[in-house]
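One-letter residues, chain by chain:
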Amino acid sequence: LADSLKEHFAGLFLVGSAINSEQAAQTQKDTDLVIQKQFNTVTPENELKWERIHPKLNTFDFALADQYVNFGVTQRMFTVGHTLVWHSQTPDWVFEDEQGQTLTREALLARMQKHISTVVGRYKGKIQGWDVVNEALNEDGSLRDSKWRQIIGDDFIEKAFIYAHQADPNAELYYNDYNLYKPEKSAGAAKLIASLQDKGIQIHGIGLQGHYSLTHPALNELDDALQLFTTLDIKSMITELDVSVLPFPNDAQQGADISQDFALQQALNPYPDVLPKAQQEALSQRYKEIFALFLKHHSTISRVTFWGVNDANSWRNNWPMRGRTDYPLLFDRNNQPKTAYDALMAMPLQR
Ligand code: G3I
């Protein structure tokens, strides 16, 4: 009988985790042991982002990224690079010359190429798959109006893929985005990928981030999206899976300080100490339903990566408002497996 996620789902898809430097120092060692035992793929959560790795013009800082990539390599895990071209976490200087003027298309393309060739080139043979472009689509499936697109034009996406392929012809190259279960957005992604393929550009996978909750997405929408992506000649992967159990705050609540407001705490941070049994069960059930869809589409899904190891180090505690207690992952704050873990391990599988 399998006693790890990677063994349980072996032959179906890889199972992985994000790794981050915030995984509380005193539990880092425990967390590393969970990663080594449970997973066969890792994605550094923040360390390869432009602002971290290339904070100033001509200044690269590889110290932490090297450490994380080497962890993956030493553990013989499929190591994913996240991410090369994104509208977020990219410093303003990237788009400006030294006088603060907006760069020309040619100058920004040159800067993009230098970044990609330096970063992808450094980890050639170590990072096996790259989230080349992240979150380029609006919710309606049209292209997001980012600085990349404003300055370069719609072809910033294909250029990024071309530069990445030149830098490491053996690496898998992915387009990665959230809410890809929404019909309009998944249609936009499918269209984007088909247009790259028509031009002969190398793209090998679509990443569905997978930031879910007990109520979203509707299972039929996720099923339809996964089905749509089977019609493209690429792999699908779930790249940033977590399932929030907390209510989603409304617009006015999102910025609120709930530390002194008991009513708001009850409404928005209802399980500050421990997740009650009923919600544990709801989370387990939800994970089972979602994984049933991954299994249904396993012939195109190559990987399922959780966005963190345990509940303590999940970004979901701080989004969309700070300082909550969420329970989105399979391991609790002491790195113990939750009932959701047991539920997945008990799923009958057909290979
Ligand atoms: O490490 C610093 C710390 O030194 C400082 O005191 C603190 C003050 O704010 O910030 C800490 O860095 C934060 C970091 O998370 C670690 O907690 C950054 O401000 C914060 O921006 C960063 O958030 C990350 C976010 O991306 C933005 O890069 C999250 O960890 C990470 O989970 C999240 O991941 C994204 C994916 O890249 C793309 N898809 C959506 C996903 C969730 O937003």
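Residues numbered from 1 in each chain as written. Predicted model: local features only at pLDDT ≥ 70, side-chain atom pairs only at ≥ 80, totals over all residues.

Visitor: Would you take a moment to explain the nonpolar core for this structure?
Guide: As a rule of thumb, nonpolar side chains are buried together in soluble globular proteins. Trp130, Val132, Ala160 and Ala164 are the most contacted members of the largest nonpolar core, which totals 83 residues. For this core, the element with the highest residue contribution is helix α7 (residues 156-167), accounting for eight residues. Residue contacts for Val132: discarding those within four places in its chain leaves Leu84, Val85, Ala160, Phe161, Ala164, Leu173, Tyr174 and Tyr175. (Core = buried A, V, L, I, M, F, W, Y, C linked by C-beta atoms within 7 Å. Buried ≥ 20, exposed ≤ 12 C-beta atoms within 10 Å, placed from the backbone. Helix = DSSP H or I, 4+ residues; strand = E, 2+ residues; numbered from the N terminus. Contact = placed C-beta atoms within 7 Å.)

Visitor: I would appreciate a short explanation of the confidence of the model for the protein chain in the present structure.
Guide: Do not read the predicted coordinates in detail wherever pLDDT is low. Chain-level pLDDT for the protein chain is 96 on average; 98% of the residues reach the 70-or-more range. If you check the scores for this complex, the pTM reads 0.97 and the ipTM reads 0.96. (pLDDT = per-residue confidence, 0-100.)

Visitor: I keep staring at the packing of helix α5 (residues 105-122) against α7 and nothing clicks. Help me out?
Guide: Helix-helix packing is characterised by the crossing angle of the two axes and by the distance between the axes. Contact pair α5 / α7: the axes reach a minimum separation of 9 Å and the direction vectors enclose 35 degrees. Our pair here, α5 against α7, has a crossing hand that is right-handed. Counting all contacts with α5, which are made through Leu109, Met112, Gln113, Ile116, Ser117, Val120 and Gly121, the residues of α7 involved are Lys159, Ala160, Tyr163, Ala164 and Ala167. Residues that form the contact of α5 with α7 fall into these classes: eight nonpolar, three polar and one charged. (Axes fitted to C-alpha atoms, helices over the stretch in contact; angles between N-to-C directions. Left-handed = near helix turned anticlockwise from the far one by under 90°. Nonpolar A, V, L, I, M, F, W, Y, C, P; charged D, E, K, R; others polar.)

Visitor: For this particular structure, what's the right way to read the pairing of strand β1 (residues 14-19)?
Guide: It is a general feature of regular strands that their side chains alternate between the two faces of the sheet. Among the six residues that make up β1, six are buried, leaving the element largely enclosed by the rest of the structure. Side chains of β1 alternate between two faces, with Leu14, Gly16 and Ala18 and Val15, Ser17 and Ile19 buried alike. One ladder, built from four bridges, connects β1 with strand β9 (residues 301-306); its direction is parallel. Looking at the pairing, Ser17 lines up with Phe306 of β9. (Pairing = 2+ DSSP bridges.)

Visitor: I keep staring at the environment of Asn335 and nothing clicks. Help me out?
Guide: Secondary-structure assignment places Asn335 in the loop between β9 and α13 (339-345). Its 17 C-beta neighbours within 10 Å are what place Asn335 among the partly exposed residues. Taking the C-alpha atoms as reference points, Asn335 and Gln99, 236 residues apart in sequence, are found 50 Å from one another.

Visitor: Just to check I follow, could you spell out the pairing of strand β8 (residues 235-244) for this structure?
Guide: Most of β8 is tucked away: nine of the ten residues are buried. As defined by bridge partners, strand β6 (residues 205-208) adjoins β8 across four bridges and the pair is classed as parallel. Residue pairing for β8: Leu208 is matched across the bridge by Ile238. As defined by bridge partners, strand β7 (residues 211-213) adjoins β8 across three bridges and the pair is classed as parallel. Note on β8: the bridge partner recorded for His211 is Asp242. Read as a crossover between parallel neighbours, the route from β7 over helix α9 (residues 219-230) to β8 is right-handed. (Right-handed = clockwise from strand over helix to strand, strands pointing away.)

Visitor: Explain helix α2 (residues 28-38) to me, please; I cannot follow it from the model alone.
Guide: At 3.6 residues per turn, the α-helix brings residues three or four places apart onto the same side. Among the residues of α2, those classed as buried are Thr31, Ile35 and Gln38. Down the axis, α2 shows its buried residues gathered within 90 degrees of arc, on one side only. For α2, the exposed residues set more than 90 degrees away from the buried face come down to Lys29, Leu33 and Lys37. Where α2 is buried, its residues meet α1 (5-8), β1 and β2 (41-44). (Arc of directions from axis to C-beta.)

Visitor: I tried to follow unusual backbone geometry on my own but got confused; where do I start?
Guide: Residues other than glycine predominantly adopt negative phi, and peptide bonds predominantly adopt the trans conformation. Cis geometry marks the peptide bond from His82 to Thr83, where omega comes out at 5 degrees. With respect to the helices and strands, the residue Thr83 is situated in strand β3 (residues 78-86). Cis geometry is found at the peptide bond from His216 to Pro217, where omega equals -5 degrees. Mapped onto the fold, Pro217 is located in the loop between β7 and α9. The phi dihedral of Asn58 is positive, around 60 degrees, even though this residue is not glycine. By the element assignment, Asn58 lies in the loop between α3 (50-53) and α4 (63-74). According to the C-beta neighbour criterion, Asn58 is exposed, with 6 such atoms within 10 Å. At Glu135, a residue that is not glycine, the phi angle is positive and equals roughly 55 degrees. With respect to the helices, strands and loops of the structure, Glu135 is situated in the loop between β4 (129-134) and α6 (147-152).

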